[in-house]
Amino acid sequence: MSAHQRQPLELDALRARLAAKRGPDYWRSLEELAQTPEFEEYLHREFPENASEWNDPIGRRRFLQLMAASLALAGLSTACTRQPTESIVPYVRQPEQFIPGRPLYYATAMTLSGYATGLLVESHLGRPTKIEGNELHPASLGATDAFAQASILSLYDPDRSQVVLEAGRISTWSAFLAALNRALANQAAKRGAGLRLLTETVTSPTLARQIQALLAKYPEARWHQYEPVNRDNAREGARLAFGQVVETQYRFDKAGVVLSLDADFLGSGPGSVRYARDFMQRRRAGLAGGEMNRLYVVESTPSLTGALADHRLPLPSGRVALLTDYLATKLASSVGSHADFSALTVEQKLWADALAEDLKKHTAKSIVVAGDGQHPWVHDQVHYINWHLGNLENTVFYTDPLDTYRFTASGSMRELAEDMLAGKVELLVILGGNPVYNAPADVGFAAKLEKVPFRAHLSLYEDETSYLCHWHIPEAHYLEAWGDARAYDGTVTIQQPLIAPLYGGKSAYELLAALNGQPGASAYDIIRDYWKSKSGAKDFESFWRRAVHDGLIQGTSFPTKKVTLNRGANLAAAENQSAREGIEVVFRADPTVYDGRFANNGWLQELPKPLTKLTWDNPCLLSPATAQRLGVTNEDVVEIRHEGRRVRAPVWISPGHADDSVTVFLGYGRTRAGRIGTGIGYNAYAIRTATAPWFATGVEIVQTGERHPLACTQNHHSMEGRALVRAGTIEEYQKHPDFVQEMGEEPPRSLSLYPEHKYDGYAWGMAIDLNACTGCGACVVACQAENNIPIVGKEQVARGREMHWLRVDRYFKGALDAPETYHQPVPCMHCENAPCEVVCPVAATVHSDEGLNDMVYNRCVGTRYCSNNCPYKVRRFNFLKYNDDTTPVLKLLRNPDVTVRMRGVMEKCTYCVQRIQEAKIGAEKQDRAARDGEIQTACQQVCPTQAIVFGNLNDPKSRVSELRAEKRHYALLANLNTRPRTTYLARLRNPNPELEKK
C-alpha cells in the first residue's frame, strides 16, 4: 500500500486498545497499534513490496535471473560490480614522521553557535578521516555529538564554495582586497559611519580583539550579531534576576532531583555532552547503593531529555510560565506572584504539588533549569527558585558570560535592517551565518540588504546570503584553519587545522585582518601573537606547544562568582502566555540539520530524528488529540498561518506532544544549499518573528487536501511481538532483582544442535546500558564515519534500504497522549549460534575463533538468505551502487582500514574489527594481551553517557564482564538460543511514589 493510500487512524480506538492492555507493552508507532496494512506488509515480509528492485511488477524469479546474469558478467570475486581501475604510486622518499597504515591524532575544536567542543581528529597521511572527543576537554571528556561526527563529511563536500565570486562571476582574493580597500578609503573620512559588521556569536578572544581594533579604527562603525539558535532569553533572565548578565553552570552529578522546564539539556546546547555524562554518573550511583536521581520534565515538544524523564508533563510552551509561577508559590509564597492559575488543570496542579514536595526534600541537592526558548521571566523565576532551594554554590553556579564581547556589539538585527533601509549602510561585511535565509521574517532582511552599495559575505557555501551579496568569499572549514574559542565553561580551546584549505578558503581572522589593513596576515600568526601578548608565560614556546598539543589552554575556565538577587518589580512584568487563545506554534532547531547549516550533509539528513525516526524532511508535529480535532493524519499537508505569514507543512502525529500546540523545525526549505540540501522541506523561518522567536500563540492551521510522503524508519527492521525493551522501577529492582531475567530466560546451553566452541584467547562482547542511552544517534553517525557507510537518499530510505549498521529503535509504553519513551541501540548481535551462518551458500558469513560474526565481502553473492534468517534484522544489502567512486575529494574521506563495499554485497556491524586488529597487533609487539578498555568501537567511543561497553568476555575483570554479571543484564530474543554477544542492561525509572499513586 503506498503512502498516498493510507487509511486514517482511529485514535479513539487506539486509546481504548491501550487502556485495555495489562502488563508491559511497548509499541513503535501509531501504525503498529492500528495494525495498518502498511505495517502488516513490513512485519510479514522480509523485503516489503515497496522495496522491490523495480517499480514494475517483476517477479522474484526474474530478479534472480538478472542477478545471475550480472554475476556471470562481473565475476564472483568483484561482488557484482567491477571496481574502477586505479594506478598507485609508492613513496619515493617516505616522510620520517609517517608510518604507513598508522594514523596520527591532532587536537582541535569545533564551534557550534559560537561555543567550542574539544576534539581529536584521526589523520591518515595528511587527510583527516574520523572525529573523536578530546578526553582532556571539559565539554567533551572524550565524547562528541552527531554534529561533530558528521562535520568530517562537510570538509570534503564537493558542493562547498571553491572560488571568490563577484556578482556571481569568478574572481580572485586580490580583486576583492582592491575593491574592499577602495570602500574602506571612503569610510575613513566618515570615521566608519557607513561600515557595518555582522557576525554570529563570538567567543573567540582573538577574533574579539580584532573586532575591537576595527571599531577603534572606525569609531562610527557598528557591530551586529545574530544567531538563529540563541540564548538571548536566558541572558535577559539573568539580567532581571541579578542586574547583570551571567552564565549558569550546573553540576548534575550532585543533584538528586532535576526539573527541566522546556530545557533539552541532555540533547542540545553548549554543555549537553558534558551534562549528559554528569547526569548519568549520578544515575549510576543509585544502582551502586546511593540515591538515584529523579528527573521531571515539562515540555511541549518531545525531546531526548523528556524521553529519559521519570515524570514528564506535556504542556504548551506558553503555559510553562504559569506552571513555574504556581510551583514557586508552593515552594515559598514570597517567590510566586499568586497569579490566576485557573488555566492549569487539576492534574497539572497535582503534578506540581508532588514535585514541590520532592524539591523541598532535596534542598541544596536539586536543580531547576529553564530552556533557552522560554520567556526571560521564567529564567528570572528559576533563579529565585534555585536560590530558595539552597542550590546556589552547591549544584548551580554562575560565571561571567562566555561571549563577553557580545555585549560590545552595538546593535540588533532589527536596527541593522532599519539602517539598511534608510541608506545608512554603505559597506556591510557578513562573517559566516546566512541571515537572508534565517533572519526573522518581520525584519525583512533580504529586501533591505539589496540597498547596500557594497556587501561581502564569507561562508562555506554559496548560499542564499551569498547570492544577494556583491562579493562571496569561500570560508575555510574548521579543520582547515587556525582559531580559538571558549567552551561552555569558558575554557579557551585551540582550533588546529588538519589539512590545508582544499578550496583556498579564508578564515574570519584573515578577513578581519584585511579590514584592519593587514591583508597578508595569516590566522596562525594572528592567534599566536594574541596569546603571546596575553599568556604572560616566560617560555612562550613551551606554553604554545602545550596548548596546541592538548587542544586547550589549562586554567582558562571562568571562575564562579557570587551574585546578588535583584528582587524588584519583575514579577509584575510577567507575561501570562496562557491567557492567549488558540493554538501555539513552537520553533525548534532540527535534531539533525540544526538551524540549516548542515542541510547539505547527507549523513545528518539520513540520520533518523531521535523521536520521530523521520529522515530527509521536516514535518510539523501535532499531538494525537489536536490532530484528531483538526481532522488530519500523518502526511496530510496543512497550512500554518501566523500574523499574515504562512507555510505549508506535512503533519506527523507525535505521541506525548502537548495539545493545542504545533512544533515546526528550523533548517529546511533551503533554496541554495548544495545538491543534497536544496529544495527539501519547508522554511519555518518564514513565520518566525523577532518578537516571538521560540513560540507564539494565535496560529491557524488549515487543511489543504494535499499529501506529502515522509521517509520514516520506525517500522523498518521490525521484531514485533517479542520482549525487546525491558524496563522497571528502581523500587521493583531493589525488592525483586530477578524480575528482568524472568521476562524471558535463555535456554540451557546443552539445548542446541550447534557444537559447543571453547574460546581460548579473546571472546569479544558488548553490553549496552539502556538506563544510560539517551537515543541521541551520535553512535549511528560515528559508525557511518568509521566504516565508510554510504547514504542512499530519501526514496531508498522510504523503500527500507537505509544502510546504517547500527540503528536506535524507539519504543513507547502506556497512554497514547503521554507515553513513556525508551531507546534501544541495535547493532549486530554476533551470535554464537548465528542463524545467518548456516544458510549462506558461499560461506561469506563465518564465525571467528574470537566470537565475531565476520563478513567476507569477496565471497558474498547477494542471496540475502542471511538477512532472511536473522531475527534481529541487522544486515544491510547494497541494492544499488550507493558509494560514490567518481568524485575525487570524497575518496579522501574514507577510512583506509575498511573495505568500500559495492552493489550486491551484504554488510553489517563488525565490532570495528579493524580497531580490534590494530590493538592486538600493538599488544603482541609488546608481548602482552590487549588490555581492557584499550579497544573501543566507534559507537562506544562517541557515546556521551558511556552507555556502550566493549571488551573481552574471557577477562572476568573486564568492564563488559562486570556488566553482564548484573541482575539487569539480558539478551535480546534469548529464547531463540542464538546466544548473542551483544547484550543489554534493562532501563530503570525512579518515579515519585506520590505521582505513581495518582
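Residues numbered from 1 in each chain as written. Predicted model: local features only at pLDDT ≥ 70, side-chain atom pairs only at ≥ 80, totals over all residues. Heavy atoms only, no water.

**Thoughts on the overall build of the protein**
For step 1, the next point in the chain: Tallying secondary structure elements over the protein gives 33 helices and 39 strands in all.
For step 2, the next point in the chain: Within the protein, the proportion of its 998 residues that are buried is 61%.
For step 3, the next point in the chain: Residue pairs in contact within the protein that sit at least 24 positions apart in sequence constitute 75% of those at least 6 positions apart.
For step 4, the next point in the chain: Here the protein displays about 38500 Å² of accessible surface, and carbon together with sulfur accounts for 51% of that area. (Helix = DSSP H or I, 4+ residues; strand = E, 2+ residues; numbered from the N terminus. Buried < 20%, exposed > 50% of the residue type's maximum accessible area, 1.4 Å probe, protein only. Contact = heavy atoms within 4.5 Å. Areas by Shrake-Rupley, 256 points an atom, 1.4 Å probe, with all protein chains shown as cover.)

**Thoughts on unusual backbone geometry**
Among all residues save glycine, negative phi is the norm, and among peptide bonds the norm is trans.
For step 1, the next point in the chain: The backbone of Tyr-594 shows a phi angle near 60 degrees, a positive value even though the residue is not glycine.
For step 2, the next point in the chain: Mapping Tyr-594 onto the fold places it in the loop between strand E20 (583–589) and helix H21 (602–606).

**Focus: the environment of Asp-340**
For step 1, the next point in the chain: Note on placement: Asp-340 falls in the loop between helix H11 (320–331) and helix H12 (346–360).
For step 2, the next point in the chain: Accessibility expressed as a relative area gives 53% for Asp-340, which makes it exposed.
For step 3, the next point in the chain: For the pair Asp-340 and Asp-325, spaced 15 residues apart in sequence, the C-alpha separation works out to 9.9 Å.

**So, H11**
For step 1, the next point in the chain: For H11, with 12 residues, the first-to-last C-alpha span of 16 Å sits near the 16 Å given by 1.5 Å per residue.
For step 2, the next point in the chain: Those residues of H11 not exposed but buried are Val-320, Ala-321, Leu-322, Leu-323, Thr-324, Asp-325, Tyr-326, Leu-327, Ala-328, Thr-329 and Leu-331.
For step 3, the next point in the chain: Where H11 is buried, its residues contact strand E10 (257–261), strand E11 (294–299), strand E12 (311–314), H12 and helix H13 (376–388). (Expected span 1.5 Å × (residues − 1).)

**Let's talk about helix H8 (residues 232–242)**
Since one α-helical turn is 3.6 residues long, residues separated by three or four positions face the same way.
For step 1, the next point in the chain: Of the residues making up H8, those classed as buried are Asn-233, Ala-234, Arg-235, Gly-237, Ala-238, Ala-241 and Phe-242.
For step 2, the next point in the chain: In this structure, the buried side of H8 is in contact with strand E3 (115–124), H13 and strand E14 (396–399).
For step 3, the next point in the chain: Following H8 by one or two positions, Gly-243 has its phi on the positive side, about 75 degrees.

**Section: the pairing of strand E36 (residues 948–952)**
For step 1, the next point in the chain: Of all five residues that make up E36, five are buried, and the element is covered over most of its length.
For step 2, the next point in the chain: In terms of strand pairing, strand E29 (residues 764–769) meets E36 through five bridges, oriented antiparallel. Residue Ile-768 lies in a different strand from E36, and its bridge partner there is Ile-948. (Pairing = 2+ DSSP bridges.)

**Observations regarding the packing of helix H7 (residues 205–217) against helix H18 (residues 508–515)**
For step 1, the next point in the chain: Interaxial distance between H7 and H18 falls to 10 Å at its minimum, and their mutual angle equals 20 degrees. If you check the angle between H7 and H18, you find them roughly parallel. As H7 runs across H18, the sense of the crossing is left-handed. Side by side, H7 and H18 meet where Thr-206, Leu-207, Gln-210, Ile-211, Leu-214 and Lys-217 of the first sit next to Ala-508, Tyr-509, Leu-512, Ala-513 and Leu-515 of the second.
For step 2, the next point in the chain: Of the residues contributing to the contact of H7 with H18, the split by class is eight nonpolar, two polar and one charged. (Axes fitted to C-alpha atoms, helices over the stretch in contact; angles between N-to-C directions. Parallel < 35°, antiparallel > 145°, perpendicular 65-115°, else oblique. Left-handed = near helix turned anticlockwise from the far one by under 90°. Nonpolar A, V, L, I, M, F, W, Y, C, P; charged D, E, K, R; others polar.)

**Things to note about the packing of H18 against helix H19 (residues 523–534)**
For step 1, the next point in the chain: With their axes 8 Å apart at the nearest point, H18 and H19 run at an angle of 85 degrees to one another. Considering their axes alone, H18 and H19 lie roughly perpendicular with respect to each other. Contacts between H18 and H19 pair Tyr-509, Glu-510 and Ala-513 from the former with Ala-523, Ile-526 and Ile-527 from the latter.
For step 2, the next point in the chain: A per-class count over the contact of H18 with H19 returns five nonpolar, no polar and one charged.

**What to know about the side chain of Gln-796**
For step 1, the next point in the chain: The residue Gln-796 is located in helix H27 (residues 794–798) in this model.
For step 2, the next point in the chain: Reaching out from Gln-796, the side chain makes a polar contact with the side chain of Arg-801 at a distance of 2.7 Å.
For step 3, the next point in the chain: Every residue in contact with Gln-796, bar those within four places of it in the chain, is listed here: Arg-801, Glu-802, Leu-880 and Tyr-882. (Polar contact = N/O pair within 3.5 Å; in protein donor to acceptor, adjacent residues only side chain to side chain.)

**Remarks on the confidence of the model for the protein**
For step 1, the next point in the chain: Mean pLDDT over the protein works out to 87, with 87% of the residues at or above the 70 mark.
For step 2, the next point in the chain: When mean pLDDT is compared element by element in the protein, E10 scores highest at 97, while helix H4 (residues 60–74) scores lowest at 41.
For step 3, the next point in the chain: Note on residues 46–89: pLDDT under 50 across the span, and 54 contacts to partners over four residues away in sequence or across chains.
For step 4, the next point in the chain: The low-confidence segment residues 569–579 (pLDDT under 50) makes 22 contacts with residues lying over four places distant or belonging to another chain. (pLDDT = per-residue confidence, 0-100.)

**Digging into the sheet that holds strand E7 (residues 195–199)**
For step 1, the next point in the chain: Strands sit in the order E6-E5-E17-E16-E15-E7-E8 across an open sheet of seven strands; the sheet is mixed. Each of the sheet's edge strands pairs with one partner strand only, and the pair in question is strand E6 (169–171) and strand E8 (222–225). Between one strand axis and the next, the sheet turns by 20 degrees as a mean value, whatever way the strands run.
For step 2, the next point in the chain: Relative to E8, E7 is paired through four bridges, and the arrangement is parallel. Looking across to E8, one finds that Leu-197 is bridged to Trp-223.
For step 3, the next point in the chain: Contacts from helix H14 (residues 413–421) reach E7, E8 and strand E15 (427–431), with the element oriented near 145 degrees to E7.

**Side note on the sheet that holds strand E23 (residues 636–642)**
For step 1, the next point in the chain: In spatial order, the strands read E20-E25-E22-E24-E23-E26; together these six strands close into a barrel with mixed pairing. Shown here is a sheet whose adjacent strand axes are inclined to one another by a mean of 45 degrees, direction ignored.

**Some details on the packing of aromatic side chains**
For step 1, the next point in the chain: Within the structure shown, the criterion is met by 25 aromatic pairs.
For step 2, the next point in the chain: Summarising the aromatic geometry, the rings of Tyr-250 and Phe-252 are spaced 5.6 Å apart at their centres and angled 40 degrees between planes, so their arrangement reads as tilted. Of the two residues, Tyr-250 and Phe-252, neither departs from the other in class, the shared state being buried.
For step 3, the next point in the chain: Taken together through their ring pairs, the aromatic side chains of Tyr-250, Phe-252, Phe-265, Tyr-275, Phe-279 and Tyr-488 make up a single cluster.
For step 4, the next point in the chain: Positioned above the aromatic ring of Trp-694 is the side chain of Arg-688, whose terminal nitrogen or guanidinium carbon lies 4.6 Å from the ring centre.
For step 5, the next point in the chain: The lysine or arginine in question, Arg-981, covers the ring of Tyr-759, its NZ or CZ lying 4.5 Å from the ring centre. (Phe/Tyr/Trp six-rings, centres within 6.5 Å; stacked < 30°, edge-to-face > 60°. Lys NZ or Arg CZ within 6 Å of the ring centre and 35° of its normal.)

**Thoughts on the environment of Thr-117**
For step 1, the next point in the chain: Among the structural elements, Thr-117 can be located in strand E3.
For step 2, the next point in the chain: When the C-alpha atoms of Thr-117 and Arg-486 are compared, they prove to be 8.4 Å apart, with 369 residues separating the residues in sequence.

**Points about the side chain of Ser-300**
For step 1, the next point in the chain: By the element assignment, Ser-300 lies in the loop between E11 and helix H10 (304–307).
For step 2, the next point in the chain: Residue contacts for Ser-300: discarding those within four places in its chain leaves Asp-262, Arg-312, Leu-315, Pro-316, Ser-317, Glu-584, Val-586, Arg-588, Gly-656, His-657, Ala-658 and Ser-661.

**Some details on the state of the cysteines**
For step 1, the next point in the chain: This model, assessed by the stated rule, comprises zero disulfides.
For step 2, the next point in the chain: Free cysteine Cys-840: the closest other cysteine sulfur is in Cys-866, separated by 6.4 Å.
For step 3, the next point in the chain: Here Cys-840 falls in the buried class, since its relative accessible area comes to 18%.
For step 4, the next point in the chain: With no disulfide of its own, Cys-943 lies 6.4 Å from the sulfur of Cys-776, the closest cysteine sulfur. (Disulfide = S-S within 2.5 Å.)

**Brief notes about the pattern of salt bridges**
For step 1, the next point in the chain: By the definition in use, this model includes 55 salt bridges.
For step 2, the next point in the chain: Taking the shortest distance from any N to any O, the salt bridge between Asp-442 and Arg-414 comes out at 2.9 Å. With Asp-442 in the loop between helix H15 (435–438) and helix H16 (445–449) and Arg-414 in helix H14, this residue pair connects regions lying 28 residues apart in the sequence.
For step 3, the next point in the chain: Relative accessible area serves as the criterion here: at 22%, Asp-442 is assigned to the partly exposed category.
For step 4, the next point in the chain: As a salt-bridge pair, Glu-786 and Arg-915 come within 2.9 Å of each other at their nearest N and O atoms. Taken together, the residues Glu-786 in helix H26 (residues 778–786) and Arg-915 in helix H30 (residues 913–925) connect sequence positions 129 residues apart. This pair shows no difference in class: Glu-786 is buried, exactly as Arg-915 is. (Salt bridge = Lys/Arg side-chain N within 4 Å of Asp/Glu carboxyl O.)

**Side note on the pairing of strand E9 (residues 247–250)**
For step 1, the next point in the chain: Residues Glu-247 and Gln-249 line one face of E9 and the alternating positions Thr-248 and Tyr-250 line the opposite face, and both faces are buried.
For step 2, the next point in the chain: Of the pairings in the sheet, the one linking E9 to E14 comprises four bridges and is antiparallel in character. By the bridge assignment, Tyr-250 is partnered in E14 with Val-396.

**Quick look at the environment of Leu-988**
For step 1, the next point in the chain: Relative to the assigned elements, Leu-988 resides in strand E39 (residues 987–989).
For step 2, the next point in the chain: For Leu-988, a relative accessible area of 0% translates into the label buried.
For step 3, the next point in the chain: Filtering out sequence-adjacent residues up to four positions away, Leu-988 remains in contact with Arg-283, Leu-287, Met-292, Gly-728, Thr-729, Ile-730, Tyr-733, Phe-739, Asn-771 and Arg-968.

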